[in-house]
Structure formats: C-alpha cells, structure tokens
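Below are the chains, spelled out letter by letter.
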Amino acid sequence: MNLKNDLILRAARGESVERYPVWLMRQAGRILPEYRAVRNSLSGFKELVETPQLAAEVTIQPVDILDVDAAIIFSDILVVPEAMGLEYQMIEKKGPWFEKTVCTREQLSTIQTDFDIEDRLGYVTEAIKITNKELDGRVPLIGFAGAPWTIFCYMTEGQGSKTFSVSRKILYTDPTLAHELLQSITDVTIKYLKAQIAAGAHMVQVFDSWAGILGKDQYQEFGIKYLKQIADAINEVPVTLFSKGAFSSLKEIGELSCNTVGLDWNMNIEQARALVGETRTLQGNLDPCALYSSHKELERLTNNMMESFVSQRHIVNLGHGVYPDIDPEKVKTFIKTVKSYAIKH
Ligand code: CP3
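Overview of the structure. All values derive from a computational prediction rather than experimental measurement. (Residues numbered from 1 in each chain as written. Predicted model: local features only at pLDDT ≥ 70, side-chain atom pairs only at ≥ 80, totals over all residues. Heavy atoms only, no water.)

**Structural notes on the side chain of serine 161**
The topology assignment puts serine 161 in the loop between helix H8 (148-157) and helix H9 (165-173). Here the side chain of serine 161 touches threonine 163 through a polar contact of 3.1 Å, landing on its backbone nitrogen. (Helix = DSSP H or I, 4+ residues; strand = E, 2+ residues; numbered from the N terminus. Polar contact = N/O pair within 3.5 Å; in protein donor to acceptor, adjacent residues only side chain to side chain.)

Okay, here's the thing in structure tokens:
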C-alpha cells in the first residue's frame, strides 16, 4: 500500500524531509479519554491487547485526534515473556505482575522459545493487519518489542522495581544463566519482530527501558550484545533502538546496525550527535514533564530543542513515554509546534 505520509521513514533512512516528523512514545492509550472509554468497556488492559479490532481502534486514535506522523501498534512488551511461558497480570495502579519468575536453572528449563509466533502472538499480527487496512496509508505503523535486557528484568523480578536488584543480582551470581535467558529472549524477539514486519509494520522500535540501571561494562555484556543480534537480523524495515539512560553507551549503540537511536531527555542533543555521528537518525527527546508547562512555554521549549538539531536526521518525540495525566491539548501544541517549524539545514 502506498503511504500518503512517509516522512518518518524518510527521516529514519536519512533521506531529505520537508519538516521533522513527530510522534510520542506511549501515545496509544493513557492520555486520551477516547482510549479510556474503550478500555473501561472491557475487563482490563489484557483484553484490549488481545482483541485485534479494538487494539487497532486505539492505535488509530492518536492519528485521528493528535495528528501524529506515525501510529504505534497498541500492545505491550510483556506479551513476549507471556508467550515464553510466564503469564502476566496488569494490576490497576500497580503495573505488571508475574506469578512465576526465572531465577533458577529449573525455572529456566520451563521457558519456551520454539513456538510458532502466530500461534501465541497472532493477536498482535492480526491487529497490525487491521490497523493498516483502516489507516489506509495515512501514516506508517510502528511495530515494537522490549529489548532482551528489559524483558529479562521483568522475567526475573516478576514486577516493576526501582532498582531491579533481583535481576542485577543474577548477573553476579549466575551470569551463565543470565546469558542463556537473554539468548532465548533474543531468539523469540527476532522472530516476533519479523512476524510484525511480515504483517505490515513499516518500522520497528526496540525499547530498552531499564538500560540505565547497568554500568557501561555490564550493559555491553548483557544489553548491547543482544541488541546487536536484533539489529543485525532485522534488515527489512528501519530499526530504532531506544536505550533509556544509557548515555555512556550511546556511541556503541550508534555503531549497531540501526537507523535511529532514541534519546531520553537527559541526553544532550549536540553531545549525542557527536557520539553517534551523521549516519544515524536521532529520536527524541523533550522532557515528558515539559508538557506540564503552559502552552506558550511548551512551544518555546519544543522550538529550543529543534534549534539544537544541527542536521535533518531527527524524529521528534519525548524523551520517554507521555505521562498519563498530560492534557491532550498540550500534546496537540507540541505536535503543532513541530509541524510548523522550518528546518534550517
Ligand atoms: O506506545 C504506545 O502507545 C503503544 C503501546 C505500548 C504500551 N506499552 C501500552 C500500555 C507500548 C509501546 C508499551 C511499552 C512498554 N510496556 C514499555 C517500554 C516503554 C517504557 O515506557 O519504558 C514497558 C517498560 C512496558 C511495561 C508496562 N506496561 C508497565 C510497566 C505498565 C504499567 C505502567 C504504565 O506504564 O502504564 C504497562 C501498562 C500499559 N502498557 C498501559 C498501556 C496503555 C497502561 C495500562 C492500562 O491501560 O491500564
């Protein structure tokens, strides 16, 4: 299908663009009353994720309402550990919770990798197909997965954590087990991303939300090693790697076979550009809290950020997912500001 707006794909490939493309991480869901209306009619988050027609509907909402330059498929990174044998629950106001975790060799032996993606995650590929049909080429659709390290965190800790000390402990007590689990997650993730692409995802993003809790050497050994396998395996569509908090490894991430490197709001754009070079696109990185400021201040901050881009190779986004209590009108101001900015380079 021909895309009417392929700005984000051109930006990812380093082709010329007439303006910067813009979307928001976690744009599907959370902030829109229209999302909550769909969500509240169901038993919970998982029912929405697993019902392709409804997942497609909430995927398209931000395109209709916010006018973003890309859609991201409504799902969660936790569908991968679930497919591997660890069922999760999404507990209201608390977040994800896994009854079983993988901290021992015996538990590792129950983890499955050799399954058919369509059998267990067919609801995601089906949602991608429906979304593209309904989008009718208006904007590209982004597929995604969690990075192996971040999925490892949830599979070992079993829930969110400030420190993920259970997960990090294993890196010291049984690094062999850690590598075996990370390799299993990587193998499934590659198959899963390829299935999303075959279903119609126009680009894919890998979220390494917990990259920043590892030091540089450990992130190289337990994070980047596996991101590299994913980046090497996916050549069909542009790949974005977003390693939150991994400023000290930015150069190494930029050397992987990706198109775009995601930046969180702590990363300085000029420094990031110097580390990553001109052959990769940068994505980000306004502080999500900037959307709590006034419309006027938000415009100023957004323009300031774009002033610091010294090349065309940028996709505008926040430095992390949009927070649930942000006023959608602020999001519209952010998007309008990006769209009316004249690129200087
Ligand atoms: O970007 C999008 O809008 C697409 C959908 C999407 C969701 N989760 C839906 C969701 C994406 C890309 C994710 C990724 C995700 N999920 C990450 C990586 C990005 C990041 O924020 O760092 C992580 C770490 C998760 C795991 C997860 N899912 C947590 C910790 C939670 C609970 C807290 C929270 O963030 O809301 C979720 C739940 C979740 N995933 C919700 C949504 C819309 C809220 C659930 C609800 O509607 O009740």
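Still to come is the rest of the account.
**Looking at the site of the ligand**
In the region of the ligand, 21 residues are neighbours, and Arg26, Arg30, Tyr35, Arg39 and Ser209 sit closest. Alanine 28 places a polar main-chain atom, nitrogen or oxygen, 2.7 Å from an oxygen atom of the ligand. Here an oxygen atom of the ligand sits 2.6 Å away from a polar atom, N or O, in the side chain of arginine 39. Taking 860 Å² as the accessible area of the ligand by itself, protein coverage stands at 86%. The site holding the ligand turns out to be the largest pocket. When residues of the shell around the ligand are traced back to their parent elements, those giving at least two are helix H2 (33-40) and strand E3 (95-98). Taken together, the residues of the shell around the ligand break down into 12 nonpolar, 5 polar and 4 charged. (Near = heavy atom within 4 Å. Areas by Shrake-Rupley, 256 points an atom, 1.4 Å probe, with all protein chains shown as cover. 1 Å grid on protein atoms, 1.4 Å probe; cavity = no way out; pocket = protein on both sides within 12 Å on 5 of 7 lines; lining within 4 Å. Sits in = over half its atoms within 2 Å of the grid points. Nonpolar A, V, L, I, M, F, W, Y, C, P; charged D, E, K, R; others polar.)

**A few points about the sheet that holds strand E1 (residues 71-72)**
Each strand in a sheet pairs with its neighbour through backbone hydrogen bonds, running either in the same direction (parallel) or in the opposite one (antiparallel). As summarised here, the arrangement of the 7 strands in space is E1-E4-E5-E6-E7-E8-E9, forming an open sheet in which the pairing is parallel. Of all strands in the sheet, those bounded by a partner on one side alone are E1 and strand E9 (314-318). Those strands touched by helix H10 (residues 175-199) are strand E4 (141-146) and strand E5 (203-208), and its axis lies near 170° from that of E4. Seen against the sheet, helix H14 (residues 295-307) touches strand E8 (281-286) and E9 and runs at an angle of roughly 155° to E8. (Pairing = 2+ DSSP bridges. Contact = heavy atoms within 4.5 Å. Axes fitted to C-alpha atoms, helices over the stretch in contact; angles between N-to-C directions.)

**So, the layout of surface pockets**
Space inside the largest pocket adds up to approximately 1,500 Å³. As for the largest pocket, its lining consists of 38 residues, and the residues nearest its centre are Arg26, Arg30, Asp76, Met90 and Gly95. Of all the elements in the fold, those that place two or more residues in the lining of the largest pocket are H2, strand E2 (88-91) and E3. At 4 residues, H2 tops the list of elements feeding residues into the lining of the largest pocket. A class-by-class count of the residues in the lining of the largest pocket yields 18 nonpolar, 10 polar and 10 charged. Trp265, Met267, Asn268, Ile269, Glu270, Asn285, Leu286, Asp287, Leu301, Asn304, Met305 and Ser308 are the residues that line the second largest pocket. Elements represented by at least two residues in the lining of the second largest pocket include exactly helix H13 (269-276), E8 and H14. Looking at the lining of the second largest pocket, the element that brings in the most residues is H14, giving 3 residues. For the lining of the second largest pocket, a count of residues per class yields 6 nonpolar, 4 polar and 2 charged. (Points joined across faces, edges and corners; volume = space filled by probe spheres on them.)

**What about the pairing of E3?**
As judged from the 4 bridges shared by E2 and E3, these two strands associate in the antiparallel manner. Within E3, the residue paired with tyrosine 88 across the bridge is phenylalanine 98. If you look at the hairpin formed by E2 and E3, you'll find 3 residues sitting between the two strands, and lysine 93 has a positive phi there, around 65°.

**What to know about the packing of H8 against H10**
Across the interface, H8 lies against H10 with an axial gap of 9 Å and an inter-helix angle of 115°. Crossing handedness for the pair H8 and H10: right-handed. Each of Pro148, Trp149, Ile151, Phe152, Met155 and Thr156 in H8 lies in contact with H10, whose residues at this interface are Ala178, Leu181, Leu182, Ile185 and Thr186. Across the contact of H8 with H10, the residue classes tally to 9 nonpolar, 2 polar and no charged. (Left-handed = near helix turned anticlockwise from the far one by under 90°.)

**Details of unusual backbone geometry**
Here the bond from glycine 284 into asparagine 285 is cis, since omega is -15°, no more than 30 degrees from zero. Topologically, asparagine 285 is positioned in strand E8. Of note in this structure, aspartate 67 is not a glycine but carries a positive phi near 70°. Locating aspartate 67 in the fold gives a position in the loop between helix H4 (52-66) and E1. Exposure remark for aspartate 67: the relative accessible area of 45% places this residue in the partly exposed category. We note that phenylalanine 164 has phi near 45°; this positive angle belongs to a residue other than glycine. Topologically, phenylalanine 164 is positioned in the loop between H8 and H9. (Buried < 20%, exposed > 50% of the residue type's maximum accessible area, 1.4 Å probe, protein only.)

**Regarding the pairing of E5**
Among the 6 residues that make up E5, 6 are buried, leaving the element largely enclosed by the rest of the structure. Note: E4 against E5, 5 bridges, orientation parallel. Looking at the pairing, alanine 145 lines up with valine 206 of E5. Looking at chain direction, E5 and strand E6 (residues 239-243) are connected through 5 bridges and run parallel. Of the residues in E6, the one forming a bridge with phenylalanine 207 is phenylalanine 242. This β-α-β element, E5 to helix H11 (residues 216-233) to E6, shows right-handed connectivity. (Right-handed = clockwise from strand over helix to strand, strands pointing away.)

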